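# A look at the structure
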Number of protein chains: 2
Amino acid sequence: MTRSTTARRKAPNAKTASEARSTRDLLLDATGALMSEGNTTNVSFADISQRSGINSALIRYHFGSKQGLLEALIERDAGASYEGLDRLVGLAIPPEEKMRKHVYGIMRLYHQFPYLNRLLIELQSQSETEIARHISETYTRRAVNAQKAILEEGFASGAFRKVDPMIFHFALVGACDAIFHSRSALDHVFGVRQIDETLRDRFAEQVSEIVLAGLKPKAA
Amino acid sequence: MTRSTTARRKAPNAKTASEARSTRDLLLDATGALMSEGNTTNVSFADISQRSGINSALIRYHFGSKQGLLEALIERDAGASYEGLDRLVGLAIPPEEKMRKHVYGIMRLYHQFPYLNRLLIELQSQSETEIARHISETYTRRAVNAQKAILEEGFASGAFRKVDPMIFHFALVGACDAIFHSRSALDHVFGVRQIDETLRDRFAEQVSEIVLAGLKPKAA
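Bear in mind the structure is a predicted one, so any value in this text is a computation, not a measurement. (Residues numbered from 1 in each chain as written. Chains lettered and ligands numbered in written order. Predicted model: local features only at pLDDT ≥ 70, side-chain atom pairs only at ≥ 80, totals over all residues. Heavy atoms only, no water.)

### Observations concerning empty space enclosed by the protein
Heads up, the rule is: A pocket here means an open set of points on a 1 Å grid, computed over the protein atoms alone, that has protein on both sides within 12 Å along at least five of seven lines. A cavity is instead a set of points where a 1.4 Å probe fits but cannot get out; residues with an atom within 4 Å of a point line either one. Grid points are joined across faces, edges and corners, and a volume is the space filled by probe spheres set on the points. Secondary structure is summarised from DSSP: a helix means a run of H or I of at least four residues, a strand means a run of E of at least two, and numbering begins at the N terminus for each. Each residue is assigned to one class: nonpolar for Ala, Val, Leu, Ile, Met, Phe, Trp, Tyr, Cys and Pro, charged for Asp, Glu, Lys and Arg, and polar for all the others, Gly among them.
One pass over the full model with this rule turns up two cavities of 30 Å³ or more. Around the largest cavity, the lining comprises 18 residues; the ones closest to its centre are Ala175(A), Val211(A), Ala175(B), Ile210(B) and Val211(B). Contributions of two or more residues to the lining of the largest cavity are made by α9 (165–181) and α11 (197–215) of chain A together with α9 (165–181) and α11 (197–215) of chain B. Grouping the amino acids of the lining of the largest cavity by side-chain chemistry returns 16 nonpolar, two polar and no charged. Approximately 110 Å³ is the volume attributed to the second largest cavity. For the second largest cavity, the lining is made up of 16 residues, of which Gly174(A), Asp177(A), His181(A), Gly174(B) and Asp177(B) are closest to its centre.

Quick look at the structure:
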């Protein structure tokens, strides 16, 4: 299920197209809300139908399949953030500042959509090759390339030491995702029931401090 | 389902007890293998029964429930590592060295049992409160306390700056887990099909270098 296929399913005339978009949005809203509340990506058509009040046959009509729905949800949630990341790479600010802003950006994204990273991993794991490849190229590779560009810029300017961008990518994403993924442990072990913006920013600050100090050349 | 309940289910005489242990082991082996191969924690009694050749009624007999089985799997996989972690904290070596060994220890554990962290999170999220609390206390809090002790020792000796142990815990676990959780992206984006011991150690080395540099006092 590619985005062009999804687009073709939209009705041709303006009024119907607008209704269709709104049904799509309601379905995506319901899916995202269920995933956030349950701290899971395991949400059924029946759950989505019940939550949205929309017949589950319409999910198939609008998204073709579960994977089509999940792909559309990722696009809705994260599309703009990846464009922001491309812009960040091109900004005329020091690479340390780019990396710090990048960490804050990931944290804001996962705070708003705590299921997002797991959804990306699942679509890459469980889908037919075509969707997995599309997701890998559109999101993971794009993030990897942006990080690579910032790391190279920092190495060239002497601000960073040389690190493996592959290892760096997974470690950074994992470090940023864990507090959202482990929400239940946060509650059981630390009594923290909710991650508010203050905690999110404290978390982003500590992770970016460790990462930036860890990237400094050893001689410095 | 607590461990004492599981223990009570074992037959009383020696021969039967040994047979029971072996059936238990076969069931745990099958569950772990299915989770490793599928890169998922979503494994059904039917899958386990088919893989092990053991009637699914016996899963219920030996473990009481799915959660009892998962709890036993965590205990089998990770029990010894947590004892090793307690010993590590008490060793007469510098805190930097303890932290480095700890990162390598987590990586070895996740390399061997790539589903382990997700399983811990799931049992803490989806179980009745009693199991969730037991898992949180036995594993998560124990790891947090060990990390806290190493961080405090490092702060006292001047080797580390002050960091929030809660944030540190989740970031470190997430950083170590991500490359195993994201195995599919590793394949799609980097063409890495398998994480061998060399890659695991390269990963542990880079993560521990970043973490240790990131923990250094700012004045240094």
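### Overview of the interface of chain A and chain B
Cut-off, in case you're wondering: Any pair of residues with heavy atoms lying within 4.5 Å of one another is described as a contacting pair. Accessible area that two parts lose when put together, with a 1.4 Å probe and added across both, is what the buried area reports. Salt bridges are defined by distance alone: a side-chain nitrogen of Lys or Arg within 4 Å of a carboxyl oxygen of Asp or Glu. Definition of a polar contact: a pair of N or O atoms within 3.5 Å, with one able to donate and the other able to accept a hydrogen when the atoms are protein atoms, and with sequence-neighbouring residues admitted only if both atoms are side-chain atoms.
Taken together, the contact pairs 43 residues of chain A with 43 residues of chain B. Across the chain A to chain B interface the summed buried area is about 4100 Å²; carbon plus sulfur atoms make up 68%. In this structure, the connection of chain A to chain B is made through six salt bridges. Note that Glu209(B) is salt-bridged to Lys218(A), the shortest N-O span being 3.3 Å. Inspection of the region where chain A meets chain B yields 14 residue pairs in polar contact (both at pLDDT 80 or more). Grouping the amino acids of the side of chain A that touches chain B by side-chain chemistry returns 23 nonpolar, 12 polar and eight charged.

### Quick look at the relation of the copies chain A and chain B
Here is the rule we go by: Least squares is used to superpose the copies, and the fit set is the C-alpha atoms of residues whose pLDDT is at least 70 in both copies.
It takes a turn of 180° to lay chain A on chain B, together with a shift of 0.0 Å along the axis; the resulting RMSD is 0.0 Å. Here the transformation between the copies is reduced to the relation of a two-fold axis. Taken as a fraction of all interface residues of chain A, those also at the interface in chain B reach 100%, which identifies the copy contact as same-surface.

### Overview of unusual backbone geometry
Notably, Asn39(A) is not glycine yet its phi reads approximately 50°, a positive angle. Its location among the elements puts Asn39(A) in the loop between α2 (14–38) and α3 (45–52).

### Comments concerning the layout of surface pockets
Space inside the largest pocket adds up to approximately 820 Å³. Thr41(A), Glu122(A), Thr41(B), Asn42(B) and Glu122(B) are, among the 30 residues lining the largest pocket, the residues nearest its centre. Contributions of two or more residues to the lining of the largest pocket are made by α5 (66–90) and α7 (116–126) of chain A together with α5 (66–90) and α7 (116–126) of chain B. Partitioned by chemical class, the residues of the lining of the largest pocket number six nonpolar, 18 polar and six charged.

### Here's the deal with the packing of α11(A) against α11(B)
As a reminder, the rule being used: Each axis is a line fitted through C-alpha atoms, and for a helix only the stretch in contact is used; angles between axes span 0 to 180 degrees, taken between their N-to-C directions. Orientation is classified from the angle alone, with under 35 degrees giving roughly parallel, over 145 giving roughly antiparallel, 65 to 115 giving roughly perpendicular, and any other angle giving oblique.
Between α11(A) and α11(B), the shortest axis-to-axis distance is 7 Å and the interhelical angle comes to 105°. Classified by the interaxial angle, the pair formed by α11(A) and α11(B) is roughly perpendicular. Here Ile210(A), Val211(A), Ala213(A) and Gly214(A) of α11(A) come into contact with α11(B), specifically with Ile210(B), Val211(B), Ala213(B) and Gly214(B). A per-class count over the contact of α11(A) with α11(B) returns six nonpolar, two polar and no charged.

Remember that the coordinates give geometry; whether it matters functionally is a separate question.
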